[in-house]
Amino acid sequence: MGHSRINLSCMRPTEKYIRDNLENFKDEICEFLRIPSISTSPEHLQEMRKASDWLKSKMEDSGLEAEIYETPGNPVVLGKSLKAGDSAPTVLVYGHYDVQPPEPLDLWISPPFEPEIRDGRLYARGASDDKGQLYLHLKAAEAFLKGADNLPVNLIVLAEGEEEVGSPNLLPFIEKHSEQLACDIVVISDTGMLAPGIPSVLCSLRGLAYFDVEVKGPSSDLHSGIYGGPVVNPALALAHILAGLQDSKGKVTIEGFYDDLLDWGPQVKKQINDLPFNQQELEEFIDADLCGGETEFSILERLWTRPTCEINGLNSGYTGDGAKTVLPSRAQAKVSFRLVPDQTPQRIDELFRKHVDKVTPRGVEVTIKQLHGGMPWRAQLSDQLTNAVNSALKKIFNKRAVVAGDGGSIPIVRDLENLLDSPVLLLGFSYPGCNLHAPNEWFPVESIENGIRTIAHLYQEISLMDEIC
Ligand code: BES
Ligand code: MN
Ligand code: MN
């Protein structure tokens, strides 16, 4: 691959195309971000379609052949340019065009689907996660195809509309179309940089097991004075179950929870703790003290290498103004666990149910549903690939990438790696504090240019590699 070819191509026309069109790119990202492609609620089906149609037509404008594939859920959009020929490597780009719900709306300074640039930040839901970043790849391809009439790699862009709900229909799609999706490397920009100016390649993601927990008591709300005491309060029962999930040392108390953990080894530990990480800066970014969890591990180790239990939502009884003496008939919680290798969502499901069974008080009934799950992921990047990324980054950031982990999850990563038998490169351009999933999500305006240029150079460097892994 690429071995017999000489590097005759020059990046100048591609670079010029990016420079000349930067303002259009910004306008176009905003067009994309104006579509409220929220995958979590069925009310937005039309908007999901609109976003997938928009993507298809933009892929075509960029010079890719594009097609929309129906799934039982939101459509998959596939764009392709295979003109580089059999001797050139094939890059598969994965991204998602769905976004998280924007609520609470009153906390947004400008409305979530009316993109606005303030102080070098592009504010909108999906700006970083992931519409803005997916868009960068289209433009990098376009810069070659339109600016230089030559894309040095074969490119497949796979965009889904269900990442934020656990990618329920993507795995069957990949299995069904695995021949069409055959590639030498997968590139994903759906993560961030360790800090502004410090480009980062990820080598690990945590997995996820997400549950709905419902505690049922009496079939109707009751007067808490007339019945309180002998009737078990479902909200208290739930509070009891939840409070017992973690001990005072930050350990998850579920029996067997830590059994499948792989040792990361002293070398990786050192590599993580040698990274230029500024705790105070992160605390200021997110306005929170980083004092929770397993304090015998460093902050980055806790975030990247340790499993956790989180309560994502709680609901029961009376929460309006004033007081109401009610004994609620039910209580509900959303509970999730972040997983690390070799934990699996299936095993955690078993252990969690067994644990809850054991600690549930008499008089209430608990129903647990797993809503979605994703496997944790760790990669070993080949020297070849690391060199290719670093050559690309050198030209834009004048720096090598730091190899980092991340605590978030992208459920399909492990499947892409396994099914397509290709290494996955996670190279993202958002910054800490970009408010992913939160009010006032933003993407650094400088990352639009830096991202497109880096990706273009990366494609170029990949085309020159002898072997991918
Ligand atoms: N892009 C994020 C994951 C992410 C962000 C990983 C930053 C690393 C750094 C992705 O869209 C996401 O939000 N994933 C969800 C899981 C999904 C099943 C809802 C998550 O991590 O909670
Ligand atoms: Mn994402
Ligand atoms: Mn997300």
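Along each chain, residues carry numbers from 1 onward, in the same order as the chain's sequence is written. Whichever chain is written first becomes A and whichever ligand is written first becomes 1, with later ones labelled in order. The predicted origin of the model limits local features to residues at a pLDDT of at least 70 and limits the giving and counting of side-chain atom pairs to 80 or more, whereas totals for whole chains, interfaces and linings rest on all residues. To get the side-chain values, take all heavy atoms of the structure and skip hydrogens and water.

Engineer: Would you mind going over the pattern of salt bridges in detail, with residue names and values included?
Structural biologist: Every case where a carboxyl oxygen of Asp or Glu lies within 4 Å of a side-chain nitrogen of Lys or Arg is listed as a salt bridge. Summed over all chains, the structure comprises 22 salt bridges. The partner of K16 in a salt bridge is D20, and the shortest N-O contact between them spans 2.6 Å. Residue K16 and its partner D20 are both found in helix α1 (residues 12-33); the two are separated by four residues, about one turn of the helix. With its nearest N and O atoms 2.7 Å apart, the salt bridge here joins R306 to E294. Separated by 12 residues along the polypeptide, R306 in the loop between α9 (299-305) and β11 (308-316) and E294 in the loop between α8 (279-286) and α9 bring together distant segments of the chain. The pair R306 / E294 is uniform in exposure class, with both members buried. A network of salt bridges, in which partner residues are shared, links E28, K58, D61, K139 and E142. Numbering of helices and strands runs from the N terminus; a helix is a DSSP stretch of H or I covering at least four residues, while a strand is a stretch of E covering at least two. Accessibility here uses a 1.4 Å probe with only protein chains present; expressed as a share of the type maximum, an area under 20% marks a residue as buried, one over 50% as exposed, and anything in between as partly exposed.

Engineer: Give a detailed account of the site of ligand 1, specifying residues and quantitative values.
Structural biologist: We define proximity as follows: a residue is near a molecule or strand when any one of its heavy atoms falls within 4 Å of that partner. Around ligand 1 sit 18 residues in total, of which E163, D190, R338, S409 and H437 are the nearest. With respect to ligand 1, the side chain of R338 contributes an N or O atom lying 2.7 Å from an oxygen atom. Within the complex, the protein chains bury 90% of what would otherwise be the 520 Å² of accessible surface of ligand 1. Classifying every residue of the shell around ligand 1 by side-chain character gives five nonpolar, seven polar and six charged. Each domain's extent was defined by an automatic or database domain assignment. Mapping the shell around ligand 1 onto the domain boundaries places at least three of its residues in each of domain 1 (8-204 + 376-463) and domain 2 (207-261 + 307-374). Polar contacts, as used here, are pairs of N or O atoms within 3.5 Å; protein pairs need one atom able to donate a hydrogen and one able to accept it. Residues neighboring in sequence count only if both atoms are side-chain atoms. Residue exposure ignores everything except the shown protein chains as possible cover, and the areas themselves are Shrake-Rupley values with a 1.4 Å probe. All residues other than Ala, Val, Leu, Ile, Met, Phe, Trp, Tyr, Cys, Pro, Asp, Glu, Lys and Arg, Gly among them, are scored as polar; the first ten of these are nonpolar and the last four charged.

Engineer: Please provide a residue-by-residue account of the coordination of the manganese ion (ligand 2), values included.
Structural biologist: Only nitrogen, oxygen and sulfur atoms qualify as donors, provided they sit within 2.8 Å of the metal or within 3.2 Å for Na, K and Ca; with water excluded from the atoms, sites may seem incomplete. All of the protein donors around the manganese ion (ligand 2) are H96 (NE2), D129 (OD), D190 (OD) and D190 (OD); their distances to the metal are 2.0 to 2.4 Å. Key to geometry: four donors with every angle between 85 and 135 degrees are tetrahedral; four donors are square planar and six octahedral where opposite donors lie over 155 degrees apart and all remaining angles lie between 65 and 115; all other sites are irregular. For the manganese ion (ligand 2), the six donor atoms in the first shell make angles of 57 to 165 degrees at the metal, a pattern classed as irregular. Here the manganese ion (ligand 3) and the manganese ion (ligand 2) are spaced 3.6 Å from one another, each receiving a donor from D129. Residue H96 is located in strand β3 (residues 90-96), and its partner D190 is located in the loop between β7 (185-188) and β8 (200-205); the two are separated by 94 residues in the primary sequence. Of the two residues, H96 and D190, both sit in the buried class.

Engineer: Quick one: what's the story with the sheet that holds strand β13 (residues 330-339), residue by residue and with numbers?
Structural biologist: If you walk across this open sheet you meet the four strands as β11-β13-β9-β14, and the pairing is antiparallel. With one partner strand each, in any of the chains shown, β11 and β14 (365-374) form the two edges of the open sheet. Geometrically, the sheet is characterised by an average inter-axis angle of 15 degrees between neighbouring strands, direction not taken into account. For this analysis, residues touch if any pair of their heavy atoms sits within 4.5 Å. Note on geometry: axes are lines fitted to C-alpha atoms, helical ones only across the stretch in contact, with angles between N-to-C directions running from 0 to 180 degrees. Helix-sheet contacts for helix α6 (residues 234-243) involve β9 (207-216), β11, β13 and β14, and the interaxial angle to β13 is about 15 degrees. One bridge is not enough; two strands pair if DSSP finds at least two bridges between them.

Engineer: Residue-level account of the nonpolar core, with values.
Structural biologist: Grouped together as the largest cluster of nonpolar side chains are 68 residues, with contacts concentrated most on V91, L155 and Y459. Counting residues per element, this core draws most heavily on helix α3 (residues 131-147), which supplies nine residues. If near-sequence neighbours (up to four positions away) are discounted, V91 is found in contact with V153, N154, L155, I156, I185, V187, Y459 and I462. To define a nonpolar core, start from buried Ala, Val, Leu, Ile, Met, Phe, Trp, Tyr and Cys residues and group those joined through side-chain atoms within 4.5 Å. Judged by nonpolar contacts, the second largest core, of 36 residues, contains Y94, W377, A379 and L416.

Engineer: Pulling in residues and values, what's your account of α6?
Structural biologist: Of the residues making up α6, those classed as buried are P234, A237, L238, I241 and L242. Taken end-on, α6 shows its buried residues confined to a sector of 130 degrees, consistent with a single buried face. Exposed and facing more than 90 degrees away from the buried side of α6 are L236 and A243. Those residues of α6 that are buried lie in contact with β9, β11, β12 (326-327), β13, α10 (345-359) and β14. By arc we mean the arc of the directions from the helix axis to the C-beta atoms, nothing more.

Engineer: Pulling in residues and values, what's your account of the coordination of the manganese ion (ligand 3)?
Structural biologist: Within the protein, the atoms that donate to the manganese ion (ligand 3) are D129 (OD), E164 (OE), E164 (OE) and H437 (NE2), at distances of 2.0 to 2.6 Å. For the manganese ion (ligand 3), the donor residues sit on a single chain with the sequence spacing D-x34-E-x272-H.

Engineer: I'd like a rundown of the pairing of strand β6 (residues 154-160), residues and numbers included.
Structural biologist: When you tally the buried positions in β6, you get seven out of seven residues, the bulk of the element. Because side chains alternate across β6, one face comprises the buried residues N154, I156, L158 and E160, and the other comprises L155, V157 and A159, equally buried. Two elements, β3 and β6, share seven bridges in a ladder whose sense is parallel. Residue V93 lies in a different strand from β6, and its bridge partner there is V157.

Interpretation in functional terms is not warranted from these geometric data alone.
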